[in-house]
Amino acid sequence: MLNQLQTGIAITGSGSATPVVSLDNHGLSQWVETSDEWIKARTGIERRRLADAQVSVSQLATEAAKNAIAMSGIAPTDLDLIVLATSTPDDLFGTASQIQHQLGASKAVAFDLTAACSGFVFALATAAQFIRTGVYQNVLVIGADILSRWVDWSDRGTCILFGDGAGAIVMQANTSDRLLGFELRSDGTQNNCLQLAYQPQPKELLPGVTVAQGTFHPITMNGKEVYRFAVQKVPEVIEKALHRANLTAEQVDWLLLHQANQRILDAVAQRLKIPNERVLSNLANYGNTSAASIPLALDEAVRQGKVQPGNIIATSGFGAGLSWGAAIFQWGR
Ligand code: COA
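Residues numbered from 1 in each chain as written. Predicted model: local features only at pLDDT ≥ 70, side-chain atom pairs only at ≥ 80, totals over all residues. Heavy atoms only, no water.

## Describing the overall build of the chain
The helix and strand inventory of the chain stands at 10 helices and 15 strands. Taken over C-alpha atoms, the radius of gyration comes to 19 Å for the chain, in line with the 20 Å a tight globule of 333 residues would show. When its C-alpha atoms are laid out on the principal axes, the chain stretches across 60 × 50 × 40 Å. Considering only intrachain contacts with a sequence separation of at least 6, the fraction spanning at least 24 residues in the chain is 76%. When the accessible surface of the chain is totalled, it reaches about 14,700 Å², and 50% of it is carbon and sulfur. Distance between charge centroids for the chain: 5 Å, based on 25 positive and 29 negative side chains. (Helix = DSSP H or I, 4+ residues; strand = E, 2+ residues; numbered from the N terminus. Rg over C-alpha atoms; globule rule 2.2 N^0.38 Å. Contact = heavy atoms within 4.5 Å. Areas by Shrake-Rupley, 256 points an atom, 1.4 Å probe, with all protein chains shown as cover. Lys, Arg positive; Asp, Glu negative; His and termini not counted. Charge placed at Lys NZ, Arg CZ, Asp CG, Glu CD.)

Below is the structure:
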């Protein structure tokens with residue numbers, strides 16, 4: 001129920017973009033010692049899109065954003081805010097303003113938000129606060145990542161999992177409220193389970209004055225711990241968000257999880273007693289695209305006509321931080 005100061009929120013458009021190059025498991029097994037059977041059985045992934053050196057996060061994000069804006073029927077100049085969820089920015093100072101420029105969204109303020117594979121859900125909840133309070137009316141939320149730039153391609157335990165892509169949604173102030181509930185969580189005690197950490201190298205400028213010059217170290221992961229964490233925490237956080245929305249899992253039309261691993265999707269759906277035919281999954285084709293995976297899967301399902309206006313969607317992102325969150329919304333105005 002909204003009080004007088006609060007504004008309703010609707011998600012009125014979606015878009016996505018992926019690099020053209022697709023590498024299947026057979027191709028990948030020519031690079032690292034693995035097999036199509038192993039990858040499919042453990043993860044459900046069959047192929048992934050990979051960005052070459054000419055592709056940037058801002059390009060993919062801008063293409064996804066243009067598609068979302070077109071679907072929503074607004075103009076880029078109507079946008080008040082752009083939130084880019086990414087852990088692989090083109091520029092550590094922020095990539096969102098490049099997207100703002102490329103879109104011609106001259107009125108919009110733009111910033112990056114980093115929460116790894118939870119980034120899209122965190123960005124959606126952040127954007128919602130600006131709309132709820134009446135500050136902004138039209139907000140673009142993008143999830144975009146090129147994790148192939150930060151994967152250790154000699155580590156078969158991780159390099160098989162990830163792919164590149166972007167997805168976006170337009171969120172608008174609306175007379176009816178379609179964002180029904182959300183819940184966000186972090187647990188830094190488990191930070192070392194999944195990292196893309198800066199490795200400082202001391203550099204002495206003068207005696208007694210040392211700074212650090214270094215680079216980010218490729219992704220390290222404790223797969224078993226992350227798996228355990230996801231299967232335990234994701235159903236809990238979805239139930240909490242459903243409770244806030246005054247709904248039960250039975251009323252959910254679509255379960256839309258971060259596309260990390262089919263076994264995680266299956267286990268979470270089973271815990272929530274949501275049948276497989278109500279679970280959106282496209283990870284066979286894209287792998288884990290981090291912040292992009294939820295809006296990419298949403299956009300495909302919308303354009304395929306699976307997700308219909310008024311459908312109730314329970315979405316959850318989870319990953320490094322560790323961080324996790326869920327949001328419950330109805331598609332459309
Ligand atoms: N191909 C073939 N064999 C592989 C392999 C690969 N790509 N990767 C690992 N193996 C081998 C291991 O060396 C090990 O062999 P051993 O038994 O001889 O030692 C065996 O397969 C089992 O490895 P293990 O790491 O225990 O596998 P697992 O069952 O935990 O599956 C993951 C690994 C990564 C698929 C699984 O842990 C997982 O999905 N975790 C969640 C990761 C995730 O989703 N992260 C992102 C969250 S946002």
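## Details of the packing of aromatic side chains
This structure, assessed with the given rule, holds 4 aromatic pairs. Aromatic pair Trp 150 and Phe 216: ring centres 6.2 Å apart, planes at 80°, arrangement edge-to-face. One end of the pair, Trp 150, is in the loop between strand E6 (138-146) and helix H6 (156-159); the other, Phe 216, is in strand E11 (residues 209-216), and 66 residues separate them in sequence. Here the aromatic residues Trp 150, Tyr 198 and Phe 216 are joined through ring pairs into a cluster of three or more. (Phe/Tyr/Trp six-rings, centres within 6.5 Å; stacked < 30°, edge-to-face > 60°.)

## Description of the domain arrangement of the chain
One widely used convention gives an interface's size as the accessible area the parts lose upon coming together. Split into domains, the chain comes out as domain 1 (8-178) and domain 2 (181-188 + 220-330). The straight-line distance from the C-alpha centre of domain 1 to that of domain 2 is 16 Å. Across the contact, 43 residues belong to domain 1 and 41 residues belong to domain 2. Each partner contributes to the roughly 3,200 Å² buried at the junction of domain 1 and domain 2, and carbon and sulfur atoms together form 63% of this total. On the domain 1 side of the contact with domain 2, Cys 117, Val 121 and Arg 178 bury the most area, a combined 19% of that side's loss. Counting across the interface, domain 1 meets domain 2 through 0 salt bridges. Where domain 1 meets domain 2, there are 18 residue pairs in polar contact (both at pLDDT 80 or more). Elements supplying a minimum of two residues to the side of domain 1 that touches domain 2: strand E1 (8-17), helix H2 (36-43), strand E3 (47-49), helix H3 (57-72), helix H5 (119-132), E6, H6 and strand E7 (164-174). Its residues assigned to classes, the side of domain 1 that touches domain 2 shows 20 nonpolar, 15 polar and 8 charged. (Domains from an automatic or database assignment. Buried area = accessible area lost by both parts, 1.4 Å probe. Salt bridge = Lys/Arg side-chain N within 4 Å of Asp/Glu carboxyl O. Polar contact = N/O pair within 3.5 Å; in protein donor to acceptor, adjacent residues only side chain to side chain. Nonpolar A, V, L, I, M, F, W, Y, C, P; charged D, E, K, R; others polar.)

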